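Structure assessment
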Amino acid sequence: MSGAESDPSNAERTPEPRADVCVIGAGPAGALAAYRLASEGHDVVILDAGPRFDPDSRIERMERAIRPAHPDPEVWDMGGERDAYSSGGERFYPLNSSRVKGIGGSTLHWQGMVMRNHEADFERRTRDGVAADWPIGYDDLRPYYADAEAELGVAGASDNPFAPPRNEPYPMPAFEPSYSDSLFAEACERLGVSMHSVPNARNSETYDGRGSCVGYGTCKPVCPSGAKYSADVHVRKAEAEGARVIDRAPVQALETDRSGRVATARYATPGGSEYRQAAREFVVACGGVETPRLLLLSESADHPDGLANSSGLVGRYFTEHLFCGAGGLLDAETRQNHVGFLTSECHQFYDDPGQATEGTGGSIPGSDADLGPIKLEFLNYAGPSPVELAMGAAEFGDDLLDSLQDAYGHNIAMGGLVGQLPRKENRVTLDTSRTDDHGNPVPDIHWSLDDRTRRTIRRANEIQHAILDELGVDVGWTVGPENTGPAFHHMGTTRMGADPAESVVNPRLRTHDVSNLSIASSSVFVTPGALNPTLTIAALSLKCAEHVDERL
Ligand SMILES: Cc1cc2nc3c(=O)[nH]c(=O)nc-3n(C[C@H](O)[C@H](O)[C@H](O)COP(=O)(O)OP(=O)(O)OC[C@H]3O[C@@H](n4cnc5c(N)ncnc54)[C@H](O)[C@@H]3O)c2cc1C
Ligand code: SF4
């Protein structure tokens, strides 16, 4: 790669002599907190484990992304000793597909769908009798959601009758529904299923100095134009407000003083040196896995079980969203893959997943089962590429050509998300038998699914099949409870709560145990809901920054 990112040894990585706040992690959570605190006039330093990628390298990365020789994690240089991990649970967890280390964090790679949680997501125990309630409700987060939408730049429409209440319009108009959405719309109307737009953190028009989407369709894992929001935007804004960024500086441990406050973050540099960054306040924003890992790595004589872990809950209640979907061939043109992101979805089965529907030409039967929320997605799915199909085919010549022509342009599919119940036994621990490039134990992810989640995935499949059948699709594949996989949204692991015995951070995102240590991350989620998490992460991060500002 070219430019600044190829020469790590030249950069100045000594600590900042005077810092009010040290933010660890430059994904959306860290970048937004750093930007907000720097804008308030505080001296902010940001440490990130990964490099600062040269924006000009995005074109080359797009080329890597569209060639099958390069799996997605490689596009942003994930893998190797730095990113070693173990997956010791019932199910394998593909950690390196679900994150990026570098300035911008995982939003360099993400899809960019951004929804507000529903009100019910904060009250799962009260409403369903399962899991736990959050110590804050939708109304507490509402102003921060609006703020986060303005910061990220969200294109959306207020056409979702199931969404929580909002007062303000989205910053940009929604993207037009895709052609295949219009096919789905007819089937959905006949069955009584509502479709609506997807709020997208990508520019539908010029916004915040970035141009509008030009339809490359490679959003995940890379948007070469910068129309898709990624958190390097706010890292640059933080720098413009005076923050200092130190890249390739993985924090090895947080060190406390006699009073139990964090005094320094000890970090490594590519040149082999170790430094200590002092600050008055520390914000850990390392994502759902590295956040608990860093706290566990920060064990000391004063904190033998890791930092901020008097509850014993650091690393526990790891949760994910599970993908569920189905697809096949349609005897009509679907004109797929003209849009690289989702334009329509359905929240109708979110708060009432068991409901029956009745449309103009059919119905979907109801279910009495105990179920969790379901988000349905209408995918802009083109199916496997003709080259991929040809390479794996058992036929040749005209027969092969006929098969390819039948499939090409006729694939169609639905997706969906289901959030699993938080379980104490699902957790991030340290695997002391393996070490990373700095000799630290790697994270070990223990992950399993509960019966309610499996049932809910089955219910999502039922609805998806009903819609695809109504559309006349010859369904060829289904992703159900047995072959599901994570949506790459790791959550839980340092949960929020009012009771220090039951949680790691308080409703102001500060750890119960350490008075100058806050956490901005999906790791504070109490329950996962079934909606993509990053807008909620961003809203919580802005709330966290407000509370840190109040303390400074
Ligand atoms: C393929 C994919 C698609 C996705 N699509 C969506 C979507 O459509 N909508 C959505 O809402 N979400 C999506 N996500 C999830 C989204 O990317 C994450 O929720 C979000 O990036 C998390 O933000 P964060 O700041 O908490 O963590 P991250 O973005 O993971 O950033 C953490 C940062 O911390 C740094 N770090 C880690 N450990 C240390 C350490 N010890 N010292 C210093 N720095 C450290 C890392 O280098 C990294 O830069 C997707 C994710 C993936 C992988
Ligand atoms: S479709 Fe739009 S957002 Fe996606 S990669 Fe292309 S320009 Fe970026």
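Not measured: the values here are computed from a predicted model. (Residues numbered from 1 in each chain as written. Chains lettered and ligands numbered in written order. Predicted model: local features only at pLDDT ≥ 70, side-chain atom pairs only at ≥ 80, totals over all residues. Heavy atoms only, no water.)

1. Here we look at the site of ligand 1
Applicable threshold: For this description, a residue counts as near a given molecule or strand if any of its non-hydrogen atoms is within 4 Å of it. Polar contact criterion, stated in full: a pair of N or O atoms within 3.5 Å, where within protein one must be able to donate a hydrogen and the other to accept it, and residues adjacent in sequence count only if both atoms are side-chain atoms. Strands are runs of DSSP state E lasting at least two residues, helices are runs of H or I lasting at least four, and both sets are numbered from the N terminus onward. When residue character is reported, Ala, Val, Leu, Ile, Met, Phe, Trp, Tyr, Cys and Pro are called nonpolar, Asp, Glu, Lys and Arg charged, and the others, Gly included, polar.
In the neighbourhood of ligand 1, 38 residues make up the surrounding shell, with Asp 48, Ser 106, Met 113, Val 251 and Thr 534 lying closest. For ligand 1, a nitrogen atom lies 3.0 Å from a polar atom in the backbone of Gln 111. Here Gly 112 contributes a backbone N or O atom positioned 3.0 Å from an oxygen atom of ligand 1. Elements with a minimum of two residues in the shell around ligand 1: helix H1 (28–39), helix H8 (287–297) and helix H12 (534–551). Tallied by class, the residues present in the shell around ligand 1 amount to 17 nonpolar, 16 polar and 5 charged.

2. Overview of H8
Our working definition: For every residue, the accessible area obtained with a 1.4 Å probe (protein chains only) is divided by the maximum for its type, and the residue is called buried under 20%, exposed over 50%, and partly exposed between those limits. Whether two residues are in contact is decided by their heavy atoms, any of which lying within 4.5 Å being enough.
Among the 11 residues that make up H8, 10 are buried, leaving the element largely enclosed by the rest of the structure. Taken residue by residue, H8 has Gly 288, Val 289, Glu 290, Thr 291, Pro 292, Arg 293, Leu 294, Leu 295, Leu 296 and Leu 297 as its buried positions. Against strand E1 (21–24), strand E5 (251–256), strand E8 (281–284), strand E16 (427–435), strand E17 (441–446) and strand E19 (517–519) lie the buried residues of H8.

3. So, the sheet that holds E5
Under the convention used in this document: Two strands pair if DSSP finds at least two bridges between them. Each axis is a line fitted through C-alpha atoms, and for a helix only the stretch in contact is used; angles between axes span 0 to 180 degrees, taken between their N-to-C directions.
Pairing within the open sheet is antiparallel, and its 3 strands lie in the order E5-E6-E7. Whereas interior strands pair on both sides, the edge strands pair on one side only; in this sheet they are E5 and strand E7 (274–278). The sheet shows a mean angle of 25° between the axes of neighbouring strands, taken without regard to direction. Sheet analysis places E5 next to strand E6 (residues 262–268), joined by 5 bridges and oriented antiparallel. When the sheet's bridge partners are listed, Leu 254 is paired in E6 with Ala 265.

4. Brief notes about unusual backbone geometry
A cis geometry characterises the amide bond from Lys 220 onward to Pro 221, with omega recorded as 25°. Mapped onto the elements of the fold, Pro 221 is located in the loop between strand E3 (196–197) and helix H7 (232–240). Residue Asp 208 is not a glycine yet carries a positive backbone phi of 55°. With respect to the helices and strands, the residue Asp 208 is situated in the loop between E3 and H7. The exposure class of Asp 208 is partly exposed, given its relative accessible area of 35%. Unusually for a residue other than glycine, Thr 493 sits at a positive phi of about 80°.

5. A word on the environment of His 410
Following the sequence through the fold, His 410 ends up in the loop between helix H10 (397–407) and strand E15 (411–419). Leave out the neighbours within four places in its chain, and His 410 touches Gly 328, Leu 329, Leu 330, Asp 331, Ala 332, Glu 333, Thr 334 and Gln 405. There is a polar contact of 2.9 Å between the side chain of His 410 and the backbone oxygen of Ala 332.

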